[in-house]
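Residue-level listing of the chains:
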Amino acid sequence: MPVNIDQYKLIQKSFSQNKVQLIAVSKTKPNEDIIELYELGQRDFGENYVQELVDKAASLAGDIRWHFIGHLQSNKVKFIAPFVHLIHGVDSEKLLLEINKQGQKNNRVIPCLLQVHIATEETKFGFDASSLLELIQSGRLLNYPNVKIKGLMGMASFSDDQTLLSKEFTQLNELFQNCKSILSDNDFDTLSMGMSSDYELAIKEGSNMVRIGSLLFGARNYSKS
Ligand SMILES: *Cc1c(COP(=O)(O)O)cnc(C)c1O
């Protein structure tokens, strides 16, 4: 399936006015598709499998900013720690500890988002609101000097119910503002929410970073790999 260039240009144009950052989610898609958007100026790409990310990063342009958007296992952090631009799905302190350790080893501070569980489904990862607030209030983030928490990430329910989605996004934005005021940190500025099916609503509810895959690259075919 060809890359939807017109859609990309449309999205890019509306986002540059709104100060929303577009992460092009290229998981399962070939390098040629990534290069097509790269040549139009896109630099931020998102992947959710460690091996695929490592392979693509090794073979594509060095100025691509790679976002890890999937569920990250602690034992795989070491593979992406040297170069990853932003880890979106930090959902436990165990993972924070490991990212911090790998940050130290690589002599860098690794930017991360804490993932919050906002959906009604049981299957989505993330902190619940109360344990997130507890972590933020406790000051324990200072124990991880090689991790920089840049903000929050969340995935809404898999649903067409606009009222439900809207409610989930609003809740996440409120939590984000709350954390921001507790931390009083100007660099805590990123709210990653919204995908192909719900990004417009997410932006309306305060998102400033969206992760869009199928709308740009076409539907994914998992049966091939
Ligand atoms: C795959 C994925 C996306 C993109 O989904 P689309 O519906 O294709 O836009 C966004 N966020 C995460 C965490 C994903 O895994």
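Scroll up to find the structure.
Residues numbered from 1 in each chain as written. Predicted model: local features only at pLDDT ≥ 70, side-chain atom pairs only at ≥ 80, totals over all residues. Heavy atoms only, no water.

1. Concerning the overall build of the protein chain
The line we're drawing: Segments assigned H or I by DSSP are reported as helices when at least four residues long, segments assigned E as strands when at least two residues long, and all are numbered from the N terminus. This radius of gyration counts C-alpha atoms alone. The globule rule is 2.2 Å times how many residues there are, raised to the power 0.38. In this description, contact between two residues means that some pair of their heavy atoms is separated by no more than 4.5 Å. His is not counted, nor are the chain ends, whereas Lys and Arg count as positive and Asp and Glu as negative. Each charge is placed at NZ for Lys, CZ for Arg, CG for Asp and CD for Glu.
Secondary structure summary: the protein chain contains 9 helices and 8 strands in total. On C-alpha atoms alone, the protein chain measures out to a radius of gyration of 17 Å, which is about the 17 Å that the 2.2 N^0.38 rule sets for 225 residues. The long-range fraction of contacts in the protein chain, counting pairs at least 24 apart against all pairs at least 6 apart in sequence, stands at 60%. With 24 positive and 27 negative side-chain charges, the protein chain shows a spacing of 4 Å between the two charge centroids.

2. Regarding the site of the ligand
Inclusion rule: The rule for a residue being near a molecule or strand is that one of its heavy atoms must lie within 4 Å of it. In the analysis that follows, any N or O atom pair within 3.5 Å is treated as a polar contact, provided that within protein one partner can donate a hydrogen and the other can accept it, and provided that, for residues neighboring in sequence, both atoms belong to side chains. Only the protein chains shown count as cover for residues, and all accessible areas are computed by the Shrake-Rupley method using a 1.4 Å probe. Cavity and pocket criteria rest on a 1 Å grid covering protein atoms alone: a 1.4 Å probe that fits but cannot get out defines a cavity, protein on both sides within 12 Å along at least 5 of 7 lines defines an open pocket, and an atom within 4 Å of a point defines a lining residue. If over half the atoms of a molecule are within 2 Å of the grid points of a cavity or pocket, the molecule is regarded as sitting in it. Classification convention: Asp, Glu, Lys, Arg as charged; Ala, Val, Leu, Ile, Met, Phe, Trp, Tyr, Cys, Pro as nonpolar; all other residues, Gly among them, as polar.
K27, S196, G213, S214 and R220 are the nearest of the 13 residues found near the ligand. Measuring from a nitrogen atom of the ligand, one finds a side-chain N or O atom of R211 at 2.9 Å. One of the backbone N or O atoms of G213 is found 2.8 Å from an oxygen atom in the ligand. Contact with the protein chains removes 91% of the 390 Å² of surface that the ligand exposes when unbound. More than half of the atoms of the ligand fall within 2 Å of the grid points belonging to the largest pocket. Broken down by secondary-structure element, the contributors of at least two residues to the shell around the ligand are β6 (147–155) and β8 (209–212). Of the residues that constitute the shell around the ligand, the class distribution is 6 nonpolar, 4 polar and 3 charged.

3. Considerations on the pairing of strand β2 (residues 44–47)
Where we set the bar: Throughout, exposure labels follow a simple rule: accessible area from a 1.4 Å probe, protein chains only, divided by the maximum for the residue type, with under 20% read as buried, over 50% as exposed, and the rest as partly exposed. When DSSP finds two or more bridges between two strands, those strands count as paired. We call a crossover right-handed when, viewed with the strands running away from us, the connection from the first strand over the helix to the second turns clockwise.
Of the two faces of β2, both are covered, the one formed by D44 and G46 as well as the one formed by F45 and E47. As paired elements, strand β1 (residues 21–25) and β2 share 2 bridges and run parallel to each other. Across the sheet, A24 pairs through a bridge with F45, a residue of β2. The β-α-β motif built from β1, the intervening helix α2 (residues 31–39) and the parallel element β2 has right-handed crossover chirality. Across 4 bridges, β2 lies against strand β3 (residues 65–68) in parallel orientation. Among the inter-strand pairings, F45 is bridged to a residue of β3, identified as W66. Regarding topology, helix α3 (residues 50–59) serves as the crossover connection from β2 to the parallel β3, and that connection is right-handed.

4. Observations concerning the pairing of strand β5 (residues 110–117)
Counting buried positions along β5 gives 7 out of 8 residues, so the element sits mostly inside the fold. Bridge count between strand β4 (residues 86–90) and β5: 2 bridges; the pairing is parallel. In the sheet register, I87 faces β5, and the bridge partner there is C112. Assessed by its sense of winding, the connection that carries the chain from β4 through helix α5 (residues 93–105) to β5 is right-handed. As defined by bridge partners, β5 adjoins β6 across 8 bridges and the pair is classed as parallel. Paired with V116 across the two strands is G154, which belongs to β6. Once the chain exits β5 it traverses helix α6 (residues 129–138) before rejoining the sheet at β6, and the crossover so formed is right-handed.

5. A closer look at the layout of surface pockets
Quick reminder of the rule: Grid points are joined across faces, edges and corners, and a volume is the space filled by probe spheres set on the points.
There is about 740 Å³ of room inside the largest pocket. Sorting the residues of the lining of the largest pocket by element identifies β6, α7 (162–183) and β8 as the ones contributing at least two each. Among the residues forming the lining of the largest pocket, the class breakdown is 10 nonpolar, 12 polar and 6 charged.

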